[in-house]
Amino acid sequence: PENTSETPDEARTRHEELSRDLDDHSYRYYLGNPIVSDAEYDALMGELRAIEERYPQLISQDSPTQKVGAPISVDFAAVEHLVRMESLGNAFDFDELNAWADRASAEVPVDAYLCELKIDGLAVDLVYEKGRLVRAATRGDGRVGEDITLNIRTIDVVPERLDESVRPAPELLEVRGEVFLPVEAFEALNRRITETGEHTPFANPRNAAAGSLRQKDPRVTATRPLSMIVHGVGAYVPAGGGENGRPGSEDVAFTSQSQAYALLGEWGLPLSDRYRVVSSMDEVRAYVSHYQEHRHEPDYEIDGIVIKVDAFSLQRRLGSTSRAPRWAIAYKYPPEEVTTRLVDIKVGV
Ligand code: NAD
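Rules and cut-offs
- Residues numbered from 1 in each chain as written.
- Predicted model: local features only at pLDDT ≥ 70, side-chain atom pairs only at ≥ 80, totals over all residues.
- Buried ≥ 20, exposed ≤ 12 C-beta atoms within 10 Å, placed from the backbone.
- Helix = DSSP H or I, 4+ residues; strand = E, 2+ residues; numbered from the N terminus.
- Pairing = 2+ DSSP bridges.
- Axes fitted to C-alpha atoms, helices over the stretch in contact; angles between N-to-C directions.
- Contact = placed C-beta atoms within 7 Å.
- Core = buried A, V, L, I, M, F, W, Y, C linked by C-beta atoms within 7 Å.
- Near = placed C-beta within 6 Å.
- Nonpolar A, V, L, I, M, F, W, Y, C, P; charged D, E, K, R; others polar.
- Expected span 1.5 Å × (residues − 1).
- Arc of directions from axis to C-beta.
- UniProt positions renumbered as here; feature names shortened; annotations may be inferred.
- Domains from an automatic or database assignment.

- If you check an unreviewed UniProt entry, the protein appears there as DNA ligase from Nocardiopsis lambiniae.

## Describing the pairing of strand β11 (residues 328-332)
Phase 1 of the analysis: Burial analysis of β11 places 4 of its 5 residues in the buried class, which makes it a mostly covered element.
Phase 2 of the analysis: With 2 bridges joining them, strand β2 (residues 90-91) and β11 adopt parallel strand pairing. What sits directly across from Ala-91, in β11, is Tyr-331.

## Structural notes on the sheet that holds strand β7 (residues 172-180)
Phase 1 of the analysis: Spatial ordering of the open sheet is given by β5-β4-β7-β8, a layout of 4 strands whose pairing is antiparallel. Every other strand in the sheet has two partners, leaving β5 (132-138) and β8 (227-237) as the edge strands with one partner each. Strand-to-strand twist in this sheet, taken as the mean axis angle between neighbours without regard to direction, amounts to 25 degrees.
Phase 2 of the analysis: Examined bridge by bridge, β7 and β8 share 8 bridges and lie antiparallel to one another. Residue pairing for β8: Leu-172 is matched across the bridge by Val-237.
Phase 3 of the analysis: Helix α6 (residues 205-213) rests against β4 (122-129) and β7 of the sheet, and its axis sits at about 130 degrees to β7.

## Notes on the nonpolar core
Phase 1 of the analysis: Counting residues in each nonpolar core, the largest one holds 66 residues, and the members touching the most others are Val-124, Leu-126, Val-179, Ala-209, Ile-307 and Ile-329.
Phase 2 of the analysis: By residue number, the principal contributor to this core is β4, which donates 6 residues.
Phase 3 of the analysis: Ile-307 has contacts with Tyr-113, Cys-115, Val-284, Ala-328, Ile-329 and Tyr-331, leaving out every residue within four places of it along the chain.

## Section: the site of the ligand
Phase 1 of the analysis: Contacts to the ligand come from 24 residues, most closely from Tyr-29, Pro-34, Asp-38, Ser-87 and Ala-123.
Phase 2 of the analysis: Only α1 (8-31), α2 (38-54), β3 (113-119) and β8 provide two or more residues apiece to the shell around the ligand.
Phase 3 of the analysis: At 4 residues, the largest contribution of residues to the shell around the ligand is made by α1.
Phase 4 of the analysis: Looking at the shell around the ligand residue by residue, the classes come out as 10 nonpolar, 7 polar and 7 charged.

## Here we look at helix α3 (residues 94-107)
Phase 1 of the analysis: Between its first and last C-alpha atoms α3 spans 20 Å; for 14 residues at 1.5 Å apiece the expected length is 20 Å, and the two agree.
Phase 2 of the analysis: Three or more residues of α3 are buried, namely Leu-97, Trp-100 and Ala-104. For α3, the buried positions fall inside an angular range of 60 degrees around the axis, keeping them on one side. Residues of α3 that are exposed and point over 90 degrees away from its buried face: Asp-95, Asp-102, Arg-103 and Ala-106.
Phase 3 of the analysis: Next to the buried residues of α3 lie β2, β10 (302-309), α10 (312-318) and β11.

## Some remarks on the UniProt feature "active site" (unreviewed entry) in the protein
Phase 1 of the analysis: In the UniProt entry, the feature "active site" (unreviewed entry) is given for Lys-118.
Phase 2 of the analysis: Within the fold, Lys-118 resides in strand β3.
Phase 3 of the analysis: The class for Lys-118 is buried, based on 20 C-beta atoms found within 10 Å.
Phase 4 of the analysis: Filtering out sequence-adjacent residues up to four positions away, Lys-118 remains in contact with Ile-302, Asp-303, Gly-304, Ile-305, Val-306 and Ala-330.

## Remarks on the domain arrangement of the protein
Phase 1 of the analysis: Assigned domains of the protein: these are domain 1 (8-58) and domain 2 (78-343).
Phase 2 of the analysis: Using C-alpha coordinates to define each centre, domain 1 is positioned 25 Å away from domain 2.
Phase 3 of the analysis: Taken together, the 8 residues of domain 1 in the interface contact 9 residues of domain 2.
Phase 4 of the analysis: Secondary structure elements with two or more residues in the side of domain 1 that touches domain 2: α1 and α2.
Phase 5 of the analysis: Of the residues in the side of domain 1 that touches domain 2, the class split is 4 nonpolar, 3 polar and 1 charged.

So this is what it looks like as structure tokens:
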């Protein structure tokens with residue numbers, strides 16, 4: 001909220017207070033134990049951003065507006081990502097969405113947007129070497145995540161080996177995606193937890209997924225029917241690459257988000273069948289409106305829509321800020337009554 005009568009000292013004090021609170025909320029959130037709703041968190045972040053717009057000298061590298069995620073916990077080994085994992089910028093209405101599209105189009109000739117559901121789960125990173133899953137990690141602070149390889153191996157849809165029936169697996173493939181608990185599985189889990197008195201029920205599927213994935217004992221994770229959908233690529237070295245005399249003709253380059261998805265699908269990675277490639281912002285807005293009305297059609301919770309410039313060459317040209325790509329944006333749906341109410345319940349991990 002605008003408060004132009006504040007003194008610079010007041011702004012600094014409020015900035016410190018908000019930064020501390022936001023860091024604390026992030027830490028709890030990534031453990032699966034938030035104490036405020038996402039909308040409340042977003043409102044505090046909005047207030048912090050507004051202060052930084054009035055007092056740019058308060059922006060430091062350490063500000064919550066400039067960082068991704070939260071520091072990792074000591075319960076897991078640290079893993080450095082091959083390519084940094086980012087967050088996403090937000091739009092809360094069509095004006096903000098259009099402003100993002102205008103900024104992108106002013107810089108590069110955007111001819112196609114990929115629209116997909118913003119799954120309310122946890123970001124994870126999978127590394128395949130010569131087609132074998134060798135490591136899985138949480139996003140962490142974007143640079144370093146937590147090693148959750150054994151837990152990820154319990155997820156049925158995550159292939160241990162890439163399918164090579166259509167084309168050879170790449171030398172190296174780092175993919176990003178969302179781990180989530182389908183709504184029905186979440187409800188069944190909470191019924192079971194309540195019956196057995198294991199611990200307090202989870203407030204929502206996201207917290208349940210975060211709590212389940214970050215178990216120290218992967219046998220516990222194995223009892224939670226987690227799922228995953230892939231939505232990005234990090235490091236990539238194509239097959240062949242001259243090694244072991246393999247012919248380079250098997251090489252395949254990624255040219256766009258949608259073409260990458262087609263290849264990832266051939267390798268047996270779990271993809272959504274709800275993404276669409278469109279050529280105009282009218283169609284983007286129609287997609288956003290459609291799922292705002294049919295938000296509960298998917299069997300998992302979504303908190304918005306992600307819109308990406310499809311061509312990788314344009315993504316590279318648009319680049320990133322310190323925490324988010326300029327070539328993508330998250331359109332956030334308004335919070336739902338039921339979620340904000342449930343967040344008030346004390347939750348367990
Ligand atoms: P974000 O959730 O707004 O967006 C980035 C994330 O979206 C990515 O990391 C990715 O995992 C995910 N995502 C889902 N579907 C995707 C798709 N199709 N393509 C690409 N990415 C997709 O940003 P964030 O940095 O992860 O978290 C910030 C948000 O988390 C806040 O806006 C707030 O809603 C919530 N949060 C809540 C609390 C709390 O205490 N309630 C604390 C911290 C953060």
